[in-house]
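Single-letter residue listing:
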Amino acid sequence: MATLSESPSVLSMRDAGVHFDGVKAVDGVSLTVSRGEVLGLIGPNGSGKTTTLNLLSGMLRPTSGAVLLDDRDLSRLSMRRRVREGVVRTYQSGRVFGRLTVFENVEVAGLGVGLRRGAARDMARTTLAQLGLEDVAHLTADSLTAGRIRTTAIARALAAQPRFLLLDEPAAGQNESEAVQLIESIRGFAREHSIGVLLVEHDMSVVMGTCDRLHVLDSGRTVIEGEPQRVRKDPQVIEIYFGKRE
Amino acid sequence: MMVLVPERARTPLILSAIAALVAVLGAVGGPTVQRVAVLALVSIVFVAGLSTFSANSGIMSFGHVAFMALGAYTAAFLTIPAPLKATLFTQLPEPLAFLRDVQSSFVVAVVVGGLVAAVLGLATAPAIARLTGLQSGIATLAILMVVYNVLSSWTSVTRGSSSMIGIPQATTLWAALGFAVAAIAVAWAYHSSRSGLQLRASREDYWSSVASGVAVGRHRATAWVLSAFLCGAAGALYACFVTSFNVSAFFLSATFGFIVMVVLGGYLSLSGAVLGAAVVSVLQEVLRRFQDGQFTGGSALPAGVADLLLAGVLLFVLIKFPLGLMGARELGLRRRRASVKQKEPVEA
Ligand SMILES: Nc1ncnc2c1ncn2[C@@H]1O[C@H](COP(=O)(O)OP(=O)(O)OP(=O)(O)O)[C@@H](O)[C@H]1O
Ligand SMILES: [Mg+2]
């Protein structure tokens, strides 16, 4: 087992930006995720949350700034290489390998990071059990409910043995208590396996009690970063989230 | 009885049984039926190869007949008796002059035919690994065009549009069955392998597979080379059955026939490909007889009617079952879907 000092301990983005045809989707954002913590990334629709996650995971290259693993510049590394470095993501829509079984979905992730067949299967079994998916393991993923499809996507990400896990709205479509429960269990994993989690969520109330810190985006820029209680009281955040109602 | 067979071995067993059935029908029928049966078994070898690539990657190839051609020409060179070769190929280029004297057994010819095709597979794999969708389809078609043109024009080696002749007939019904079973076993082994599973994942969702660390290009290339090998072997079997052929056997008409088999059965499934090969081989024969006038009182119908009707069948199936009869399912493998759409567990 690698000790913490050998393996990277922070994933960060420094002054990173990307624009599409002149639209700055992310504009000079800096953030840092440490292992074992859950950083909530929130903001209104179109504020650049998914784009930030795309930059960190390697789906997009930043047009300015850099993505770092400790001091190492990852900006030019492909998404697949970053997975091998322990930076693993999910997609907002909860994408799965529809006509493969739930078990195979998770097994693939183990194989993808280089595990042998037996080890990948053991990993799949353990992960499915931890997320309560054993009873659907033999079903094709596309026959599950939307909620379980999302959980399968999370199981797959966990089976890749991430050091940093980037989750794009894992609780979308679930009610508040389900969402809180899901994020609590993700937080449990993060602590237990010392995984740094970046969690995108648009619902402020869900992340309040579950994240260690919050990072708020609006129009591609950082509004504030800090502890949930402090963020909640920030006047700018109040305006973004509750402004129109008041 | 099937219960005693482990789930992983069921599909190849059922498919082998289908191949065996084809062989038995060929054995009890007359010479024409036997001929149809052998060609059906050779087709099974071919589609097992094609589907090793297309079923697992989800990318259709229109170029695999090129591999078949290489296998056929290789087998011809390896098995035509040396004295005959001396008269057929008087102008062999110097580097290939050794081909005049080489002589090998049937089985070696089939394997070497596969290997030569695999070399072309290896050479084209980098392009295939990078392309998807329409570009990939066009690239595979381009490979067919290039190989066809080379084979037609390189007359000193291939005799151009003249026939390769004098190949000893070695592909018996039972040999064809043996190779069909072997091809099914190889195709299934790949399907179930680490590489095959990861490639199927990329077929289902490319970006999710990349996000799971899957090296999609590498697995596509692996499947491509293996499928080239199997299709090359099919070409060698074909050559050693028909004993003479020319380059026109390996172009659009053959490509169309195989596409119909695979698409009709289900191009995402090995079972679909094998079933398609068996069914379409029979259908082609029936349609051919129909075109020759056997069912219309002896008056032959215009050439092309058989292909037209086959195209009609293909269109019908495509409209009714866009993914073919099998979809992405495999015979003997229960791809369980939740019978009722899964209920969310009720939280206490
Ligand atoms: N590939 C792209 N091409 C062009 N514009 C894009 C692209 N991806 C994102 N954008 C734009 O960038 C901005 C940020 O989008 P992003 O998807 O990151 O927002 P988000 O915070 O994830 O929103 P949501 O809550 O709706 O998921 C939006 O204005 C969006 O239209
Ligand atoms: Mg988003």
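Predicted, not measured: the structure shown is a model, and the values here were computed from it. (Residues numbered from 1 in each chain as written. Chains lettered and ligands numbered in written order. Predicted model: local features only at pLDDT ≥ 70, side-chain atom pairs only at ≥ 80, totals over all residues. Heavy atoms only, no water.)

K.L.:
Just checking my understanding: could you explain the coordination of the magnesium ion (ligand 2) for this structure?
P.N.:
Six octahedrally arranged donors around a metal ideally form angles of 90 or 180 degrees; four tetrahedrally arranged donors ideally form angles of 109.5 degrees. Residue and element names in this part refer to chain A. Distances from the magnesium ion (ligand 2) to its protein donors, T50 (OG1) and Q92 (OE1), fall within 1.9 to 2.3 Å. On the criterion of sequence distance, the pair formed by T50 in helix α1 (residues 49-57) and Q92 in the loop between β6 (87-89) and α3 (102-112) is long-range, its members being 42 residues apart. A residue is classified by how much of its surface remains accessible, and T50, at 27% relative accessible area, is partly exposed. (Donors = N, O, S within 2.8 Å, 3.2 Å for Na, K, Ca; no water. Helix = DSSP H or I, 4+ residues; strand = E, 2+ residues; numbered from the N terminus. Buried < 20%, exposed > 50% of the residue type's maximum accessible area, 1.4 Å probe, protein only.)

K.L.:
Help me understand the domain arrangement of chain A, please; the structure alone is not making it clear to me.
P.N.:
For an interface, size is often stated in terms of accessible area lost upon the parts coming together. Residue and element names in this part refer to chain A. Domain annotation of chain A identifies domain 1 (19-86 + 162-246) and domain 2 (98-161). Between domain 1 and domain 2, the C-alpha centre-to-centre distance is 24 Å. Counting from both sides, the interface comprises 16 residues of domain 1 and, opposite them, twelve residues of domain 2. The contact between domain 1 and domain 2 buries some 1100 Å² in all, and 67% of this surface belongs to carbon and sulfur atoms. Of all residues in domain 1, R84, P162 and F189 give up the largest surface area on contact with domain 2, accounting jointly for 43% of the area buried on that side. The tally of links between domain 1 and domain 2 comes to zero salt bridges. Sort the elements by how many residues they give to the side of domain 1 that touches domain 2 and helix α6 (residues 176-193) lands first, with five residues. (Domains from an automatic or database assignment. Contact = heavy atoms within 4.5 Å. Buried area = accessible area lost by both parts, 1.4 Å probe. Salt bridge = Lys/Arg side-chain N within 4 Å of Asp/Glu carboxyl O.)

K.L.:
For this particular structure, what's the right way to read the sheet that holds strand β5 (residues 72-73) of chain A?
P.N.:
Strand pairs in the sheet, formed through backbone hydrogen bonds, run parallel or antiparallel to each other. Residue and element names in this part refer to chain A. Read from one edge to the other, the open sheet built from four strands follows the order β2-β1-β4-β5, with strand pairing classed as antiparallel. Of all the strands in the sheet, the pair left with one neighbour each is β2 (23-34) and β5. Pairing analysis gives two bridges linking strand β4 (residues 64-69) to β5, with the strands arranged antiparallel. Note that in β5 the partner of L68 across the bridge is D73. In this fold α1 packs onto β1 (10-20), β2 and β4, with an angle of close to 120° to the strand it touches most, β1. (Pairing = 2+ DSSP bridges. Axes fitted to C-alpha atoms, helices over the stretch in contact; angles between N-to-C directions.)

K.L.:
I keep staring at the site of ligand 1 and nothing clicks. Help me out?
P.N.:
All names here are of chain A. For ligand 1, the full set of nearby residues is F20, A25, P44, N45, G46, S47, G48, K49, T50, T51, Q92 and E169. In the model, an oxygen atom of ligand 1 is placed 2.8 Å from a nitrogen or oxygen of the K49 side chain. Measuring from an oxygen atom of ligand 1, one finds a side-chain N or O atom of T50 at 2.8 Å. Summarising the interface, the protein chains cover 60% of the accessible area of ligand 1, which totals 640 Å² for the free molecule. Ranked by the residues each element gives to the shell around ligand 1, the list is headed by α1, at three residues. Partitioning the shell around ligand 1 into residue classes produces three nonpolar, seven polar and two charged. (Near = heavy atom within 4 Å. Polar contact = N/O pair within 3.5 Å; in protein donor to acceptor, adjacent residues only side chain to side chain. Areas by Shrake-Rupley, 256 points an atom, 1.4 Å probe, with all protein chains shown as cover. Nonpolar A, V, L, I, M, F, W, Y, C, P; charged D, E, K, R; others polar.)

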